[in-house]
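Chain by chain, the residues run as shown.
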Amino acid sequence: MSVYNWYEIFNLDEFEEEDLVSKTYQLTLSGIGLKEILVTKGNNTSIVYDDVFLSINMNDKNPFEFEDHAVYLDSENNVWLGTPE
Amino acid sequence: MLNGVAPIIIFDFLATASLDLGVTFSKIPVLNTIPTIPLPSIPIYLDEGLTGLYVESVTKNVDIETNVEKNLTDANPVIIQKGINSLVTVNLIANQDSIGMIMLSLLCDKIFSRLLDGKYSITYLNKSVTLFGGLLHSFSTVQNSENDLFHISLQLAKGRVNSTIQTAVSRIAQPFNGVIPGVAS
């Protein structure tokens, strides 16, 4: 498993309480710059970062890794984005 | 005017449903979750002959803030646009004894007392300028000493939109380096 720079993006419980289909989070990722992260709800809740689509807890893999990026759901249902070191 | 007799402004108010529906009705999900009930709409024709109001001019203004952010890692800048407002300004002339002027003034006062709950909406139809579900932005009247005419300025803002898509407020996120967050590498 790779080592990532993890950024806390949002809380899954709060997102689901809002009853939205999708929500765009604008975050200034320290060391990277201002980024937009799209959170969208389907069968799984997923995030899109830099054109990489990451499904949270996909196939019971937590963190779920794809194309040098990862998404992680912690015990408090906070969703973290992992970017390459 | 939208193929009608005259330009029209329609005020809609909602009342909070405080009816005791009883045990039986309260178990029906749809009935139980309706928080407000609509009151009959109040139309005012903006016509000299009908209400004594004359539309002098109408302007529509859309104001958007555009920020261009350059990332450290990207060649292409990120462009973020935020809507400031979308306003329709209606300038009217009315006689002192105009019934339309009195109604308009009273309804705007009524809206002022209901700003917090926001249970109202305004629809405006005049030729190509249409606004559905708008909000009152400002209302002012000016009277000259030279004549008995009122000059009314009414500004309406585009109303709230119930969307399933939302953009969160920007914030700064600090990184945590490791295999998973909370466990250092």
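Now for a quick tour of the structure. These numbers were taken from a predicted model, which means no experiment stands behind them.

**Points about the overall build of chain A**
Consideration 1: The number of helices and strands found in chain A is one helix and eight strands.
Consideration 2: Start at the N end of chain A and walk to the C end: the helices and strands fall as β-α-β-β-β-β-β-β-β.
Consideration 3: For chain A, the share of sequence-separated contacts (at least 6 apart) that also reach a separation of at least 24 residues comes to 38%.
Consideration 4: Of the roughly 4,100 Å² that chain A leaves accessible, carbon and sulfur atoms contribute 40%.

**Some remarks on helix α3 (residues 99–112) of chain B**
For an α-helix, 3.6 residues make a turn, and residues three or four places apart therefore share a direction.
All names here are of chain B.
Consideration 1: In this model α3 runs 20 Å from its N-terminal to its C-terminal C-alpha over 14 residues, within 8% of the 20 Å that 1.5 Å per residue would give.
Consideration 2: Taken residue by residue, α3 has Gly-100, Met-101, Leu-104, Leu-107, Cys-108 and Ile-111 as its buried positions. All buried residues of α3 project into a common sector of 135° when viewed along the axis, lining one side. Residues of α3 that are exposed and point over 90 degrees away from its buried face: Leu-106 and Asp-109.

**A short note on the interface of chain A and chain B**
Consideration 1: Contact with chain A, which involves 32 residues of that partner, is made by 27 residues of chain B.
Consideration 2: Taken together, the two surfaces of chain A and chain B that pack against each other cover about 2,500 Å², and 54% of this comes from carbon and sulfur.
Consideration 3: Considering only the side of chain A, the residues that lose the most area to chain B are Trp6(A), Gln26(A) and Leu34(A), jointly responsible for 26% of the buried surface there.
Consideration 4: The interface formed by chain A and chain B contains zero salt bridges.
Consideration 5: Where chain A packs against chain B, one counts nine residue pairs in polar contact (both at pLDDT 80 or more).

**Details of the packing of aromatic side chains**
Consideration 1: Under the counting rule described, the total for this entry stands at four aromatic pairs over all chains.
Consideration 2: Measuring from centroid to centroid gives 5.4 Å for Tyr4(A) and Trp6(A), while their planes differ by 65°, and the two rings are edge-to-face. With respect to class, Tyr4(A) is no different from Trp6(A); both count as buried.
Consideration 3: Ring pairing ties together the aromatic residues Tyr4(A), Trp6(A) and Tyr72(A), which thus form one cluster.
Consideration 4: Seen from the ring of Phe13(B), Lys110(B) lies directly overhead, with NZ or CZ sitting 5.6 Å from the centre.

**Things to note about the pattern of salt bridges**
All names here are of chain A.
Consideration 1: For the coordinates displayed, the defined rule picks out two salt bridges over all chains.
Consideration 2: A salt bridge links Glu-18 to Lys-23, with the nearest nitrogen and oxygen atoms 2.9 Å apart.
Consideration 3: Take Lys-23: its relative accessible area is 8%, and that puts it in the buried class.
Consideration 4: Note that Asp-50 is salt-bridged to Lys-35, the shortest N-O span being 3.0 Å. Of this pair, Asp-50 sits in the loop between β4 (45–49) and β5 (52–55) while Lys-35 sits in strand β3 (residues 33–41), and the two are 15 residues apart along the sequence.
Consideration 5: Using a relative accessible area of 41% as the deciding quantity, one classes Asp-50 as partly exposed.

Quick notes on the rules
- Residues numbered from 1 in each chain as written.
- Chains lettered and ligands numbered in written order.
- Predicted model: local features only at pLDDT ≥ 70, side-chain atom pairs only at ≥ 80, totals over all residues.
- Heavy atoms only, no water.
- Helix = DSSP H or I, 4+ residues; strand = E, 2+ residues; numbered from the N terminus.
- Contact = heavy atoms within 4.5 Å.
- Areas by Shrake-Rupley, 256 points an atom, 1.4 Å probe, with all protein chains shown as cover.
- Expected span 1.5 Å × (residues − 1).
- Buried < 20%, exposed > 50% of the residue type's maximum accessible area, 1.4 Å probe, protein only.
- Arc of directions from axis to C-beta.
- Buried area = accessible area lost by both parts, 1.4 Å probe.
- Salt bridge = Lys/Arg side-chain N within 4 Å of Asp/Glu carboxyl O.
- Polar contact = N/O pair within 3.5 Å; in protein donor to acceptor, adjacent residues only side chain to side chain.
- Phe/Tyr/Trp six-rings, centres within 6.5 Å; stacked < 30°, edge-to-face > 60°.
- Lys NZ or Arg CZ within 6 Å of the ring centre and 35° of its normal.

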